[in-house]
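As a plain string of letters, each chain reads:
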Amino acid sequence: MQYISTRGQAPAVDFKSAILTGLAPDGGLYLPTEWPQFSAAELSALRGAAYPDVAFEVFRRFAGDCISPERLRALLGRAYDDFGHPAVAPLVQTGPKQWVLELFHGPTLAFKDFAMQAIAPLMAHFLAEEGRQMTIVGATSGDTGGAALKAFAGRAGIKVLFLFPEGGVSPFQQDQMLGLCGDNTHVAAVSGSFDDCQRIVKGLFADDTFRDAVSLSAVNSINWGRIVAQAVYYFTTCLALGLPDSGVNFVIPSGNFGDIYAGHVARQMGAPIAGLTIATNENDILARAHTTGSYVPKALKPTITPAMDIQVASNFERLLFELLDHDAAALRRLMADLEQHGGFALPAPALSRFQRAFRASAVSQPACRDRIARSHAATQYVADPHTAVALEAAARLSPERAPQVVLSTAHPVKFNETVTEVLGFCPGPGQAPFSPRPVRSVPDVIANDIATVKARVHALP
Ligand SMILES: *Cc1c(COP(=O)(O)O)cnc(C)c1O
């Protein structure tokens, strides 16, 4: 299996390089040249399989000869050990044909653990094999940082630095990240927005000298391995619901378009998925682009769902490549328009494909709060604000869009301020809790500037 860049100006690579490199050297994102398939018989055979076994079947189709099946099975067999629920990704029924897929039973209580816990051992394996070292630098709106620090802590030959927007993550998330800093895991707050952090990271990758000097890699949602790891729970959900002929309708709280894109990948591979609905908060670029075809970032608005406070959804580039019929030159033109003119218009055929393949809904903060209250009143279900955005989007879909599965991306305790404001209480984590006990309570704040971050990376112990 080969991986090519969406920008069309980097050599094709294998699974190992795609995962170890993250972003392609031409600034594009890696995609496989074809979608590996599950036949109906192969899917049926997986009914009742344990989560790691389904993960193995998904990963194996992407990994090619990069890792032996025995080794892959062994690594994935342990990847979900720190999850606090035997199903790993349990479904909770909240209505006659509605379920919530709880993706927060991992060690840092958000769905980012699914990707990090699976790709950290894979990356460590590939690095050890090559006798290489690496520096992972990433931007986080709160959950990726914690999940990555936890998954990479203590792994030999890997240094990790995460940037987050100062004041842009919840107090719980900040404490969690500070508490997970260790010998090889570090964070810094940037005086800027998440998009600023993301721009700095992109800038680091664009600098070949720097990139080679520190052997830079990315585990942000642009890393292909994360998409593969996230595709797994779409399969386990379809299996748990009996692979219904009607297909399953998923509603996904979306920011960087990684989680929902993984659903698209699962659908391309043969999972019975009838619908994928993009649920955004007031930073609604994806919903606007879906309605009008105009992809134009606006000023970022901080909301009660900070993990979705994103204006430039980096994984959207992967879908765009497909919507443009794999025309890398056309994609480069749109990306140049985005950089230089502040946006682009989707060509008409691309827009109609986008509209056929997805639905989209933008949810305001009052509607989100209201949904937290209404869900609790109706079903006793306590949703974190991100999950509530998707619950609200789901409620707007016509009832024949069933069975319906809403992805719950974080435990409510991670955003307990908002939940407590609305309900008057917030449940703690029911599992062996990861208690954030920060060594320091105040992060290092650094300038919103690429030179400062470079110096910081060079100075990592
Ligand atoms: C990261 C995150 C999202 C957004 O996921 P994307 O893959 O960026 O679309 C939604 N909710 C929570 C809680 C998150 O941590």
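Reading the values: rules and limits
- Residues numbered from 1 in each chain as written.
- Predicted model: local features only at pLDDT ≥ 70, side-chain atom pairs only at ≥ 80, totals over all residues.
- Heavy atoms only, no water.
- Helix = DSSP H or I, 4+ residues; strand = E, 2+ residues; numbered from the N terminus.
- Rg over C-alpha atoms; globule rule 2.2 N^0.38 Å.
- Buried < 20%, exposed > 50% of the residue type's maximum accessible area, 1.4 Å probe, protein only.
- Contact = heavy atoms within 4.5 Å.
- Areas by Shrake-Rupley, 256 points an atom, 1.4 Å probe, with all protein chains shown as cover.
- Lys, Arg positive; Asp, Glu negative; His and termini not counted.
- Charge placed at Lys NZ, Arg CZ, Asp CG, Glu CD.
- Disulfide = S-S within 2.5 Å.
- Salt bridge = Lys/Arg side-chain N within 4 Å of Asp/Glu carboxyl O.
- Axes fitted to C-alpha atoms, helices over the stretch in contact; angles between N-to-C directions.
- Parallel < 35°, antiparallel > 145°, perpendicular 65-115°, else oblique.
- Left-handed = near helix turned anticlockwise from the far one by under 90°.
- Expected span 1.5 Å × (residues − 1).
- Polar contact = N/O pair within 3.5 Å; in protein donor to acceptor, adjacent residues only side chain to side chain.
- Pairing = 2+ DSSP bridges.
- UniProt positions renumbered as here; feature names shortened; annotations may be inferred.
- Near = heavy atom within 4 Å.
- Nonpolar A, V, L, I, M, F, W, Y, C, P; charged D, E, K, R; others polar.
- Phe/Tyr/Trp six-rings, centres within 6.5 Å; stacked < 30°, edge-to-face > 60°.

### Observations regarding the overall build of the protein chain
Each helix and strand counted, the protein chain has 19 helices and 15 strands in total. Against the 2.2 N^0.38 benchmark of 23 Å for 461 residues, the protein chain shows a C-alpha radius of gyration of 20 Å, consistent with a compact globule. In terms of its C-alpha atoms, the protein chain occupies a principal-axis envelope of roughly 55 × 50 × 45 Å. Relative to its full complement of 461 residues, the protein chain shows a buried share of 61%. For the protein chain, restricting intrachain contacts to residue pairs at least 6 apart in sequence, the fraction spanning at least 24 positions comes to 75%. About 16,400 Å² of surface is accessible on the protein chain, with carbon and sulfur atoms providing 51% of the total. Across the protein chain, the mean location of the 38 positive side-chain charges is 2 Å away from that of the 42 negative side-chain charges.

### Remarks on the state of the cysteines
For the structure shown, the criterion picks out zero disulfides. No disulfide involves Cys368; its sulfur sits 13 Å from the nearest other cysteine sulfur, which is in Cys426.

### Topic: the pattern of salt bridges
A pair can form between side chains of opposite charge whenever their charged atoms are brought close. Scanning all chains against the criterion turns up 19 salt bridges. For Glu57, the salt bridge identified is with Arg60, shortest N-O distance 2.9 Å. Here Arg60 and Glu57 lie together in helix H3 (residues 51-63), a separation of three residues that amounts to about one turn. What makes Glu57 buried here is its relative accessible area of 16%. Counted as one network, the salt bridges with shared partners bring together Lys16, Glu129, Glu130 and Arg132.

### Brief notes about the packing of helix H8 (residues 194-206) against helix H19 (residues 450-458)
Running from amino to carboxyl end, H8 crosses H19 at an angle of 65°, the nearest separation of the two axes being 10 Å. Comparing their axes, H19 and H8 come out roughly perpendicular. Between H8 and H19 the crossing geometry is right-handed. Taking contact as the criterion, the partners of Ile200, Gly203 and Leu204 in H8 are, on H19, Ile450, Val453 and Lys454.

### Quick notes on helix H10 (residues 224-240)
Given 3.6 residues per turn, any residue in an α-helix points the same way as the ones three and four places further on. Its 17 residues give H10 an end-to-end C-alpha distance of 25 Å, which sits within 8% of 24 Å, the value for a rise of 1.5 Å per residue. Counted residue by residue, H10 has 16 buried out of 17 residues, so it is predominantly covered. Among the residues of H10, the N-terminal cap falls to Asn223, whose side-chain oxygen and the backbone nitrogen of Gly225 are separated by 2.8 Å. Two residues or fewer past H10, Gly242 is found with a positive phi of approximately 80°.

### Remarks on the pairing of strand S4 (residues 98-102)
Most of S4 is tucked away, with five of its five residues classed as buried. In the sheet, strand S3 (residues 91-95) pairs with S4 via four bridges, with the strands oriented antiparallel. Its bridge partner lying in S4, Gln93 is registered against Trp99. The antiparallel pairing of S3 with S4 creates a hairpin that spans two residues between the two strands. Pairing between S4 and strand S14 (residues 404-408): five bridges, direction parallel.

### Some details on the sheet that holds S3
Across the sheet, six strands lie side by side as S3-S4-S14-S9-S10-S13; this open sheet has mixed pairing. For this open sheet the edge positions go to S3 and strand S13 (359-362), each flanked by a neighbour on one side alone. Neighbour-to-neighbour, the strand axes of the sheet open up by a mean angle of 25°, direction not taken into account.

### Digging into unusual backbone geometry
At Val88, a position not held by glycine, the phi torsion is positive, near 65°. As for its placement among the helices and strands, Val88 is situated in the loop between helix H4 (69-79) and S3. The phi angle at Leu109 is positive, at roughly 65°, despite the residue not being glycine. Along the chain, Leu109 falls in the loop between S4 and helix H5 (112-130).

### Digging into the UniProt feature "modified residue: N6-(pyridoxal phosphate)lysine" (unreviewed entry) in the protein chain
The sites that carry the UniProt feature "modified residue: N6-(pyridoxal phosphate)lysine" (unreviewed entry) are, in the present numbering, Lys112. The topology assignment puts Lys112 in helix H5. Leaving out residues up to four positions away in the same chain, Lys112 has contacts with Asp143, Thr144, Ala147 and Arg226.

### Examining the site of the ligand
Lining the immediate environment of the ligand, one finds 15 residues, of which Lys112, Asp143, Gly255, Asn256 and Thr409 sit closest. Between the ligand and the protein, one listed contact pairs an oxygen atom with a side-chain N or O atom of Lys112 at 2.6 Å. Note that an oxygen atom of the ligand is positioned 3.2 Å from one of the backbone N or O atoms of Gly258. Across the shell around the ligand, the residue classes tally to six nonpolar, six polar and three charged.

### Structural notes on the environment of Glu400
Locating Glu400 in the fold gives a position in the loop between helix H17 (385-395) and S14. In this structure, the C-alpha to C-alpha distance between Glu400 and Lys97, residues 303 residues apart in sequence, is 9.7 Å.

### As for the packing of aromatic side chains
Each aromatic ring pair is described using two quantities: the centre-to-centre distance and the angle formed by the ring planes. Throughout the structure, instances matching the rule amount to 19 aromatic pairs. On the basis of an interplanar angle of 70° and a centroid distance of 4.8 Å, the ring pair of Tyr234 and Phe250 is categorised as edge-to-face. A residue pair is termed long-range when its members are at least 10 positions apart, and Tyr234 in helix H10 and Phe250 in strand S9 (residues 248-253) qualify at 16 residues. For the pair shown, Tyr234 and Phe250 are each scored as buried.

### Points about the environment of Pro385
Inspection of the secondary structure assignment puts Pro385 in helix H17. Given the relative accessible area of 0%, Pro385 is considered buried. For the pair formed by Pro385 and Thr409, sequence separation is 24 residues and the distance between their alpha carbons is 9.5 Å. Leaving out residues up to four positions away in the same chain, Pro385 has contacts with Ile304, Thr305, Cys368, Ile372, Phe415, Thr418 and Val419.

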